[in-house]
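A look at the structure
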Amino acid sequence: MAFARTCSVALAGVEGVVVEVQADLEPGVAAFTLVGLPDKSLTESRDRVRAAVVNSGVQWPQKKLTVGLSPASVPKSGSGFDIAVAAAVLGAAERIDPRVLADLVMIGELGLDGRVRPVRGILPAVLAAADAGYEQVVVPESAAAEASLVPGISVLGVRSLRQLIAVLADEPVPDMEPDQQGRPDSLLSGLRAPGAGAVTGMHGAGPSDQDHDLADVVGQPAARTAVEIAAAGGHHLFLEGPPGAGKTMLAERLPAILPPLTRQESLEVTAVHSVAGLLPMNRPLIGTAPYCAPHHSATMQSLVGGGGGIARPGAVSLSHRGVLFLDETPEFSGQALDALRQPLESGHVVIARSAGVVRFPARFLMVLAANPCPCGRFSLKDQFCECPSPVIRRYQARLSGPLLDRVDLRVEVDRVTRAGLAACGTPGESTATVADRVRAARERAAARLAGTPWRTNSEVPGRELRRRWYAVPGALDEAEHSLDRGALTARGLDRVLRVAWTVADLVGHDRPDAGDVALALHLRTGVPRGTPMTIGAMT
């Protein structure tokens, strides 16, 4: 009896479990049995591995072969176990020394000709291997840069099974035929999720994005201030106004003023996009805040995650550490919008399926945009709207109170006038100017919150703000009167205090004063408080 074992990784969301791949050969009728709770794509690896081994110039063992995936109680899916299965079989057949395989983790799919193809989720799989104490991984050559992001791991990138056999058997590594110039790399085909980018509205953003500058936005001082405060403190934002007023322009420019992601945040974001099949091959590490704008016809599963079999990340996870923009929010289904309430509070989403429970990170900055009525022309200042009053009320009631209560900033975006367009020769502040203020405000908040589990003002519980960090005496008088009159809820008062701290960080105050709280109240209730609506005027 011959036996060999190596390791691979089973993914459940962005969390992985190291799986021991065991191969046993014994005399008997030639057969190939795969056990250990595999799914359909993993069961088909028997044919892929056999063809890949034979086409790599190695004789397939004509014995009874059993391959076990341990622990057997963990569901396994996908084609990433192929090279581990092939190596274990070759170890049992003594083509490779079994002792060399025992401490390796192998991740990758095999083509019928023996080439090693990349799979989704390389980064979270390697992170799981590192957490389990493994120090060496074998991955496809095209995914070696992604795997190398994990510190303390030795990465071996291979292009074919023939190369892998030569390296493990300490033989001369065969040369691979160079790819012809101009031809697409067939090893990358099928790696991206079909249509995922179009459905989610994903695009990268950053300070160098010249196509999305805040200076392009005409007027809208209150909305620009709200966008700056949202970026500085991580506060959710609701923009309401007629079509063409600039709501989408403001949302698209928000990621560019967010600070660059830290190393840990970049790994979190990259892991989610790797599992979803949205990681660009030329950018193994995502360093800027992602932006996700799903269409209003999106289902609840596409927003929070799900799908048949093993759950896939949804828009709330794809926008982790970035911006989730819901344009035409009242047109989304009520069930989908209400499903956002749990990730808004907890910062993650838990999806229960028959195949297991999956947990995805989902700490995002949400921006809602809505028209005031179905035609979009309703306003208290003019009579352009022709929608009946009951229709307007039903339209505005599509956004539930519990969802809006979790939004810190609510701004009415005014219609752009001819005078505003004529004044476009004097643009507002640029993205670079606002981004510098946001970065400085984040640094002040980080210094104040050092030693706590929170990093931005929006994450701090209200009780902690009242017990540990105090506003200027008398600064909260107007907000407390609003609470007594019923204009604010207790949760609303906490959110006003969080926003006031963000305003104080932006203008350089040690503690929020009455002006900071007044601006926070204005942005919460929509009632003017006589405060400047631009941060630059308050500094």
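Residues numbered from 1 in each chain as written. Predicted model: local features only at pLDDT ≥ 70, side-chain atom pairs only at ≥ 80, totals over all residues. Heavy atoms only, no water.

Here we look at the sheet that holds strand β10 (residues 237-240)
Stated formally: The criterion for strand pairing is that DSSP finds at least two bridges linking the strands in question. By definition, any uninterrupted DSSP run of H or I lasting at least four residues is a helix, any uninterrupted run of E lasting at least two residues is a strand, and each is numbered from the N terminus.
Sheet architecture is open: five strands sit in the order β11-β12-β15-β10-β16, paired in parallel fashion. Only two strands of the sheet have a single neighbouring strand rather than two, namely β11 (291-292) and β16 (409-412). When β10 meets β16, the two strands line up parallel, connected through four bridges. Bridge pairing in β16 links Leu239 to Val411.

Quick look at the pattern of salt bridges
Which entries qualify depends on this criterion: One speaks of a salt bridge when a side-chain nitrogen belonging to Lys or Arg is within 4 Å of a carboxyl oxygen belonging to Asp or Glu. Buried means the residue's accessible area, taken with a 1.4 Å probe over protein chains only, is under 20% of the maximum for its type, while exposed means over 50%, and partly exposed covers the values in between.
By the definition in use, this model includes 26 salt bridges. Here Arg253 and Asp216 are joined by a salt bridge, their closest N and O atoms 3.4 Å apart. In this pair, Arg253 is assigned in helix α10 (residues 247-257) and Asp216 in the loop between α8 (196-200) and α9 (221-233), connecting sequence segments 37 residues apart. Judged by its relative accessible area of 40%, Asp216 is partly exposed. Linking Glu464 and Arg468 is a salt bridge whose minimum nitrogen-to-oxygen distance equals 3.7 Å. Judged by its relative accessible area of 14%, Glu464 falls in the buried class. By relative accessible area, Arg468 is classed as partly exposed at 45%.

Topic: the pairing of strand β1 (residues 2-12)
The pairing of β1 with strand β2 (residues 15-26) spans eleven bridges and is antiparallel. Along β2, the bridge assignment pairs Val9 with Val18. Connecting β1 to the next strand, β2, in antiparallel fashion are two residues, including Gly13 with a positive phi near 75°.

Focus: the environment of Ala4
For the record, the criterion: Contacts were defined at the residue level, with two residues in contact if any of their heavy atoms lie within 4.5 Å.
Following the sequence through the fold, Ala4 ends up in strand β1. For Ala4, a relative accessible area of 2% gives the class buried. The sequence separation of Ala4 and Ala102 amounts to 98 residues, and the corresponding C-alpha distance is 7.8 Å. Filtering out sequence-adjacent residues up to four positions away, Ala4 remains in contact with Val21, Gln22, Ala23, Ala88, Gly91, Ala92 and Pro98.

Remarks on the packing of aromatic side chains
For clarity, the threshold we go by: Each pair of aromatic rings taken from Phe, Tyr and Trp, with Trp reduced to its six-membered ring, is defined by centres within 6.5 Å and is described as stacked if the planes are under 30 degrees apart, edge-to-face if over 60, and tilted in the remaining cases.
According to the stated counting rule, one finds two aromatic pairs in the structure shown. Between Phe32 and Trp60, the aromatic rings sit 5.7 Å apart at their centres with planes inclined by 35°, giving tilted as the arrangement. Residue Phe32 is located in strand β3 (residues 31-35), and its partner Trp60 is located in the loop between α2 (45-55) and β4 (64-70); the two are separated by 28 residues in the primary sequence.

Examining α9
One turn of an α-helix holds 3.6 residues; hence residues three or four places apart share an orientation. Cut-off, in case you're wondering: Multiplying 1.5 Å by the helix residue count minus one yields the expected span of that helix.
The terminal C-alpha atoms of α9, which comprises 13 residues, lie 18 Å apart, in line with the 18 Å expected from a rise of 1.5 Å per residue. By the criterion of burial, α9 is predominantly enclosed, with eleven of the 13 residues buried. Taken residue by residue, α9 has Ala223, Arg224, Thr225, Ala226, Val227, Glu228, Ile229, Ala230, Ala231, Ala232 and Gly233 as its buried positions. Once α9 ends, the next one or two residues include Gly234, with phi positive near 75°.

Looking at helix α3 (residues 82-92)
Among the eleven residues of α3, eleven are classified as buried, and the element is accordingly described as predominantly covered. If you check which residues of α3 are buried, you get Asp82, Ile83, Ala84, Val85, Ala86, Ala87, Ala88, Val89, Leu90, Gly91 and Ala92. Two residues or fewer past α3, Glu94 is found with a positive phi of approximately 65°.

Details of the nonpolar core
Cut-off, in case you're wondering: We define a nonpolar core as any set of buried Ala, Val, Leu, Ile, Met, Phe, Trp, Tyr and Cys residues linked to one another through side-chain atoms lying within 4.5 Å.
Ile229, Leu237, Leu239, Leu254, Ile257, Val367 and Leu409 are the most contacted members of the largest nonpolar core, which has 48 residues in total. Within the second largest apolar cluster, 40 residues are counted, among which are Leu42, Phe81, Leu110 and Val138.

Some thoughts on the pairing of β2
The pairing of β2 with β4 spans seven bridges and is classified as antiparallel. Paired with Gln22 across the bridge in β4 is Gly68.

As for the side chain of Thr431
The following threshold applies: Polar contacts here mean pairs of N or O atoms no more than 3.5 Å apart (in protein, one a potential hydrogen donor and the other a potential acceptor; neighbouring residues in sequence count only if both atoms are side-chain atoms).
Mapped onto the elements of the fold, Thr431 is located in helix α19 (residues 431-448). Only 2.9 Å separates the side chain of Thr431 from the backbone nitrogen of Leu214, close enough to count as a polar contact. Apart from residues lying up to four places away in sequence, Thr431 is in contact with His212, Asp213, Leu214, Ala256 and Ile257.

Here we look at the confidence of the model for the protein
Operational definition: Per residue, pLDDT captures the predictor's confidence, and it can take any value from 0 to 100.
Mean pLDDT over the protein stands at 87; residues scoring 70 or higher make up 89%. A low-confidence stretch, residues 195-199 (pLDDT under 50), is modelled with five contacts involving residues beyond four sequence positions or located in other chains.

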